[in-house]
Amino acid sequence: MSEQKIEKLLDKMTITEQIGQLIQLSADAFQHGKAVISGPFVANHMSQEDMYNAGSVLGISGAKTVRDVQSDYLTHSRLHIPLLFMADVVHGYETIYPIPLALGATFNPELAKQTAAMAARESSAGGVHVTFAPMVDLVRDPRWGRVMESTGEDPYLNAVMAEAQVAGFQGDDDTPDQQHIAACVKHFAAYGAPEGGKEYNTVDISEWRFREQYLPAYEAAVKAKSLLVMTSFNTLFGVPATANQKLMRDILRRELDFHGVLISDWAAIAELIKHGVAGSLREAADKALSAGVDIDMMSFAYARYLAEAADLSPELTRLIRQSAKRVLVLKDTLGLFDDPFRGLNEEIEAKELSSSANRAVALKAAEESLVLLKNQGNVLPLSHSTRIALVGPVASSNDLLGSWSWKGENAPMPTLESAFRSEFASVLVASGTDYHAITKSKFNAAIAAARQQDVIVALVGLPSSESGESSSLTDLQLPAEQRQLLKALRDLNKPLIVVVVSGRPHVLGEVNDWADGLIYALFPGTMGAPAIAKLLSGAVSPSGHLPMSLPRSVGQIPVYYNHFNTGRPLTYTPTDDQDRYLSRYIDSPDTPLYPFGFGLSYADLVLTGCQIDRDTVTKDGQVRVTATVENRSEVPGTTVVQLYTRQMVGETVQPVQVQRAFKKVAVPANQSLKVEFVLSVAQLASVHLDMKRRVDLGEYQVMVGLDAANVLSTEFVVREVE
Ligand code: GLC
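Residues numbered from 1 in each chain as written. Predicted model: local features only at pLDDT ≥ 70, side-chain atom pairs only at ≥ 80, totals over all residues. Heavy atoms only, no water.

S.K.: Report on the overall build of the protein chain, specifying residues and quantitative values.
M.R.: If you tally the helices and strands in the protein chain, you get 22 helices and 28 strands. On C-alpha atoms alone, the protein chain measures out to a radius of gyration of 26 Å, which is about the 27 Å that the 2.2 N^0.38 rule sets for 722 residues. If you line up the protein chain on its principal axes, its C-alpha atoms span 75 × 70 × 45 Å. Across the 722 residues in the protein chain, those meeting the buried criterion constitute 62%. Put simply, of all contacts in the protein chain between residues at least 6 apart along the chain, 78% involve residues at least 24 apart. (Helix = DSSP H or I, 4+ residues; strand = E, 2+ residues; numbered from the N terminus. Rg over C-alpha atoms; globule rule 2.2 N^0.38 Å. Buried < 20%, exposed > 50% of the residue type's maximum accessible area, 1.4 Å probe, protein only. Contact = heavy atoms within 4.5 Å.)

This is how it looks when you write it as structure tokens:
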């Protein structure tokens, strides 16, 4: 539909109908194919007519259900404006791929794009038009349960993954075809930096830091043409994001040139009252609309305009029309005016859902997301004939999907027992403990199984229900019951392989010491079980790398690689009291237990060289950096070569490292590989006190590493003229 036609349609719409396009209702508004007035809708004075006037709904999916609701809805729509269906297809629809934090661990954006495209195919066949993903909030505090939804602590990795996921969901442009869906990048902005890691808590960072480290991933998603953006619950620069004109109008719409639909998070407009920036629902609505929020997700603030539409100011009337237009344009972009049932297809749905092709993608992603942290004495991989005792709460729960796993529970999932039986001749399963409770009988059964077998594989961690939204923790250790079991297993003096299955980094402490083999499995999804079993048998070689630093203690948080140097950096291990006046803790090493970017292979891969093709370069130039990786073993291995830079002097302080590029490479046995990076000087731009990004002249360090901590470096100078 042309813009003129949309304008003509708007001219025909009453103000009430225009406001209707700005209202999003939850799934329970439409039951058995019809609008149902219940609970919150009655309490918010919604009539049946109002319900049918709402422009979108979240949480309904399934070809038949969507067809029934859309068909009934259109009979009540005077101007035949179709209903828009949105859902949280965050890491899969029915086939669930690894949680986004695990996707980050793959360091494989092409694979991330594939998984999103798979989810788009499954969900569009199921009638979904928009997904509330990707979530690209930078995260540095694993106390916050939603770190699972992000791809981690690095602005660059997050930006690369954001772009890949938007392209996967939407197709390579901003007009999704019938096999793709609209992306909604979230949560704008900086929701991942709540004080204390406490859910929904205050975010208070400087604009300079926001622009330098938190904004890039959102910017990448908008550049990749994400059709929607979702506001975040938190405050930023002293104002809740949902009413924040600076954030929404100045930065998002003007600077990032975003013209799509801005939707609030659930009830976030009404929450402006609790935040203390609005005295009434009406004022909350005015503030959100003035900030440019187009759709009100379930706060009824906009719906209340229905009651008071008579006295709207010309400015608010203009804003309402502008927002309604953006919603109509989105519906038109998705082809809904031509076909209100676009994409929806029972036959394709039946074929697509959990298809072997989709499961193959989910398996590959799960395999590549697993991070090998420790392999003492090359205890791994295990031979097929190894007799395994499979213990720990996850061995029996098989809770591998993680939070926000849409319809994942509907799909039959390979269990850990079945997967291990496919890889090993003898497997005994005895969980030994629940996640937070232990019984003598269970405990004794696990010890007995361990005594009987050669190797103990302990699958520990937290359940999906203790991950995701409203799951903040003050204690990141594994539960005491699980540590009690692990200690007893350690005392048996048999090879102990620990697999941590969770949605966040934990404080591993003595578990790290007890484990001979240690693997981090951030909820790996539907195919997580075969991925873990294949990794332990060597059918698959580990290639995951940490997307977040693993802290030694909660006291260390936030601990992340791209920190500033401070005036008293701890660049060595203090030897005596003379050194006490340094930036450090006196009760703990300063480094994380495992650094960002860390991950082992079964091969012995060593970085042996870092060359640069020039030592001076102009601002419009580029440098070529060549890293050499040697495989000093008889088996092939895959690793992630990371390229970091450091600006030695700037107008503001500069991080000691900033990742600029990475390459995931396979290195054949007993061979070495040269990995070349082309680094354009423009990539080195940093935010200045005037809040503008530009490149500074001067000295830069360039580092290559297989993780952020162990790097080889060289330097170059950016000059006006070479
Ligand atoms: C939730 C989340 C958001 C999600 C929305 C709809 O509260 O914050 O990420 O997309 O509500 O479920």
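What follows picks up the thread again.
S.K.: So what about the nonpolar core? Which residues, and what values?
M.R.: Counting residues in hydrophobic clusters, the biggest one holds 126 residues, and the most contacted among them are L25, F30, F188, F210 and Y302. When neighbours within four sequence positions are excluded, L25 is seen to be in contact with F41, M46, M51, A54, S56, V57, L58, M298 and F300. Within the second largest apolar cluster, 83 residues are counted, among which are V379, V394, L535 and M548. (Core = buried A, V, L, I, M, F, W, Y, C linked by side-chain atoms within 4.5 Å.)

S.K.: If you had to explain the sheet that holds strand β5 (residues 84-87) to someone new, which residues and values would you point to?
M.R.: Pairing in this open sheet of 8 strands is parallel, and the strands run β11-β8-β7-β6-β5-β4-β1-β12 from one edge to the other. Where the open sheet ends on each side, the last strands, each with one partner, are β11 (261-263) and β12 (296-297). Two strands pair when backbone bridges link them, and strand β1 (residues 23-26) and strand β4 (residues 56-58) are joined in this way by 3 bridges, in the parallel orientation. Bridged to Q24 within β4 is S56. (Pairing = 2+ DSSP bridges.)

S.K.: Now, about the pattern of salt bridges: what can you tell me, with residues and values included?
M.R.: Pairing between side chains of opposite charge can happen when the charged atoms of each approach one another. Applying the stated rule across the entire model yields 36 salt bridges. Between K246 and E207 there is a salt bridge, and its shortest N-O distance comes to 3.0 Å. With K246 in helix α10 (residues 245-255) and E207 in helix α9 (residues 207-223), this pair connects stretches of sequence that are 39 residues apart. On the basis of relative accessible area, K246 is assigned to the partly exposed category, the value being 33%. For E207, a relative accessible area of 18% corresponds to the buried category. R632 is paired through a salt bridge with E630; the nearest N and O atoms lie 3.0 Å apart. Each of E3, E7, D11, R321 and K325 takes part in one network of salt bridges that share partners. (Salt bridge = Lys/Arg side-chain N within 4 Å of Asp/Glu carboxyl O.)

S.K.: Talk me through helix α7 (residues 109-125); I want residue IDs and the actual numbers.
M.R.: The end-to-end C-alpha separation of α7 is 24 Å, in line with the 24 Å expected for 17 residues at 1.5 Å each. Taken across its 17 residues, α7 has 12 buried, putting it largely inside the fold. Packing partners of the buried residues in α7 comprise α5 (63-75), α6 (100-106), α8 (155-170), α15 (346-352) and α16 (356-369). Positive backbone phi, at 90°, marks G127, one or two positions downstream of α7. (Expected span 1.5 Å × (residues − 1).)

S.K.: Tell me about the packing of α10 against helix α12 (residues 281-291), and name the residues and values.
M.R.: Two elements in contact, α10 and α12, have axes whose closest approach is 8 Å; the angle formed by their N-to-C orientations is 20°. Regarding the angle of α10 to α12, the classification is roughly parallel. You can see that α10 and α12 cross each other, and the crossing is right-handed. Residues Q245, M248 and R249 of α10 lie in contact with α12, whose contacting residues are L289, S290 and A291. Looking at side-chain class alone, the contact of α10 with α12 contains 3 nonpolar, 2 polar and 1 charged residues. (Axes fitted to C-alpha atoms, helices over the stretch in contact; angles between N-to-C directions. Parallel < 35°, antiparallel > 145°, perpendicular 65-115°, else oblique. Left-handed = near helix turned anticlockwise from the far one by under 90°. Nonpolar A, V, L, I, M, F, W, Y, C, P; charged D, E, K, R; others polar.)

S.K.: Now, about the environment of N44: what can you tell me, with residues and values included?
M.R.: Mapped onto the secondary structure, N44 falls in the loop between α3 (39-43) and α4 (48-53). Once residues lying within four places of it in the same chain are set aside, the contact partners of N44 are F300 and R304.

S.K.: Help me get a handle on the packing of aromatic side chains, residues and values and all.
M.R.: In total, this model carries 17 aromatic pairs according to the counting rule given. With a centroid separation of 5.7 Å and an interplanar angle of 10°, the aromatic rings of Y700 and F716 are classed as stacked. Taken as a pair, Y700 in strand β27 (residues 698-705) and F716 in strand β28 (residues 711-719) lie far apart in primary sequence, 16 residues in all. For the pair Y700 and F716, one class covers both residues: buried. Put simply, the rings of F107, Y156, Y561, F596, Y644 and F662 touch in pairs and so form one group of aromatic residues. A cation over a ring is seen here: K663 above F677, with NZ or CZ 5.4 Å from the ring centre. (Phe/Tyr/Trp six-rings, centres within 6.5 Å; stacked < 30°, edge-to-face > 60°. Lys NZ or Arg CZ within 6 Å of the ring centre and 35° of its normal.)

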